[in-house]
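Structure assessment
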Amino acid sequence: MLQNKIRGGLYGLLLGDAAGVPYEFNLPELLPAYHQIDMLPPQGFRKTYPEIAVGTWSDDGAQALCLLASLLYCGRYDESDFVNRLCNWWQYGYMAVDDQVFDVGVQTAQALRRYIEGTEISRMANRDEYSNGNGALMRTLPLALWHKGSDEQLIEDAYAQSHVTHAHIRSKICSALYCLWARYLLAGTAVNDAWHQAIRTLSLVYRHRHEELRELEDNIAPIPAQVTGSGYVVDCLHSARFALQQHNFVDVVKTAIALGRDTDTTACVAGGLAGIVYGDEGLPKNWLDVLKGKQMVEPLLRDLILSSGHR
């Protein structure tokens, strides 16, 4: 059922994020052995955030929930409402577990600080090529779970949600590709077929938009020789694709974490799509039992399913 894929997608995002939090910033060789990677790290492993309870999502999950709450409240993508929710998260812990904000990307912090200081939304984000972190990609899945418009409209909204903190065209295209990929997975397309379908859709939309077509063909679509788990938006996208070659939800997330470095975001980006693929019945019950903040998630999921017309 589509409802199970939607639930799986949102909870998969949060589970991947929470599972990756204790391992963040570690190089692969400093992580536990693959079989020891779990929501609860093995005894003796020094967690990145020792004061944060296991099962807590980070900025990835909180910002994704900000986006979902905004979409449901406004019935459309509204940049002012979304940015204000992001500021409420950053300043007051809105949509954070126990109101604790313990991680925020540099680009996102810079953009929100500028907005709070009076900069217009359209100008608050960095636009240079070196400002292509994964902070917009990590939160964009709720847009695909909620959206009922055309592929072109989904692309436009993916661009818009990225623009507020990550305004370079590369980040925007990565968010659009991810949203289309998720849309086709929701329709039942296989992982790699959905990836290629998303690229074909973007290529068609960009046929007269030469800058975007070059970005897609030269910098985003080519499969790298190796994946790194880094925080660069293109690396993150391909690291998630690599992890999604596994055959169950837990192995997708563990593979994402095993790449090291930006473990929570790679696992979040991969976990959201894996949740769609395997549905909520494919999520590990022992991880769900540990996940914090479910009381914030369930009302949003209920409203998402109702507003989307899914039963």
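Conventions used here
Residues numbered from 1 in each chain as written. Predicted model: local features only at pLDDT ≥ 70, side-chain atom pairs only at ≥ 80, totals over all residues. Heavy atoms only, no water. Helix = DSSP H or I, 4+ residues; strand = E, 2+ residues; numbered from the N terminus. Rg over C-alpha atoms; globule rule 2.2 N^0.38 Å. Contact = heavy atoms within 4.5 Å. Areas by Shrake-Rupley, 256 points an atom, 1.4 Å probe, with all protein chains shown as cover. Axes fitted to C-alpha atoms, helices over the stretch in contact; angles between N-to-C directions. Parallel < 35°, antiparallel > 145°, perpendicular 65-115°, else oblique. Left-handed = near helix turned anticlockwise from the far one by under 90°. Nonpolar A, V, L, I, M, F, W, Y, C, P; charged D, E, K, R; others polar. pLDDT = per-residue confidence, 0-100. Buried < 20%, exposed > 50% of the residue type's maximum accessible area, 1.4 Å probe, protein only. Phe/Tyr/Trp six-rings, centres within 6.5 Å; stacked < 30°, edge-to-face > 60°. Disulfide = S-S within 2.5 Å.

Some remarks on the overall build of the protein
When helices and strands are counted, the protein shows 14 helices and zero strands. Ordered by position from N to C terminus, the α and β elements of the protein give α-α-α-α-α-α-α-α-α-α-α-α-α-α. Taken over C-alpha atoms, the radius of gyration comes to 18 Å for the protein, in line with the 19 Å a tight globule of 311 residues would show. Projecting the C-alpha coordinates of the protein onto the three principal axes gives extents of approximately 55 × 45 × 40 Å. Looking at the protein alone, contacts between residues at least 24 apart form 72% of all its contacts between residues at least 6 apart. A total of about 12600 Å² of accessible surface is found on the protein, and carbon and sulfur atoms cover 49% of it.

As for the packing of helix H1 (residues 2-20) against helix H12 (residues 263-278)
Where H1 contacts H12, the axes come no closer than 6 Å and their chain directions differ by 160 degrees. In terms of axis orientation, H1 runs roughly antiparallel to H12. With respect to the hand of their crossing, H1 and H12 are arranged in right-handed fashion. For the pair H1 and H12, contact is made by Lys5, Gly8, Gly9, Gly12, Leu13, Gly16, Asp17 and Gly20 and by Thr263, Asp264, Ala267, Cys268, Gly271, Gly272, Gly275 and Ile276, respectively. Class assignment of the residues belonging to the contact of H1 with H12 gives a composition of four nonpolar, nine polar and three charged.

Some points on the confidence of the model for the protein
Residues with a pLDDT of 70 or more make up 99% of the protein, whose mean pLDDT is 97. Confidence, read as mean pLDDT per element, is least for helix H14 (residues 294-307) in the protein (96) and greatest for helix H11 (residues 249-258) (99).

What about helix H4 (residues 106-116)?
Working note: α-helix, 3.6 residues per turn, so residues spaced by three or four point in the same direction. Turning to H4, its buried residues number three or more, namely Gln107, Thr108, Ala109, Ala111 and Leu112. Looking at the buried side of H4, the elements it contacts are helix H2 (59-74) and helix H3 (79-92). Immediately beyond the C-terminal end of H4, within one or two residues, lies Gly118, with a positive phi of roughly 115 degrees.

So, the packing of aromatic side chains
Applying the stated criterion across every chain, the model contains six aromatic pairs. Measuring from ring centre to ring centre gives 5.0 Å for Trp181 and Trp195, while their planes differ by 75 degrees; the resulting arrangement is edge-to-face. Of this pair, Trp181 sits in helix H7 (residues 169-186) while Trp195 sits in helix H8 (residues 191-205); the two residues are 14 residues apart in sequence, bridging distant segments of the chain. Taken together, the ring pairs connect Tyr178, Trp181 and Trp195 into an aromatic cluster.

Description of helix H10 (residues 233-243)
The element H10 is extensively covered by neighbouring structure, given that nine of its 11 residues are classed as buried. Every buried residue belonging to H10 is among Val233, Val234, Cys236, Leu237, His238, Ser239, Ala240, Arg241 and Ala243, and all of these are buried. Residues of H10 that are buried in the fold lie against H7, H8, helix H9 (210-220), H11 and H12.

Digging into the state of the cysteines
Evaluation of the coordinates by the stated rule reveals zero disulfides. The cysteine Cys87 is free of any disulfide, with Cys66 supplying the nearest cysteine sulfur at 9.7 Å. The thiol sulfur of Cys236 is not disulfide-bonded, and the nearest other cysteine sulfur, from Cys268, lies at 8.1 Å. On the basis of relative accessible area, Cys236 is assigned to the buried category, the value being 0%.

Observations concerning the environment of Leu40
Note that Leu40 resides in the loop between H1 and H2. Along the sequence, Leu40 and Ile155 sit 115 residues apart, while their C-alpha atoms lie 37 Å from each other. Discounting chain neighbours no more than four positions away, the residues touching Leu40 are Tyr23 and Val54.

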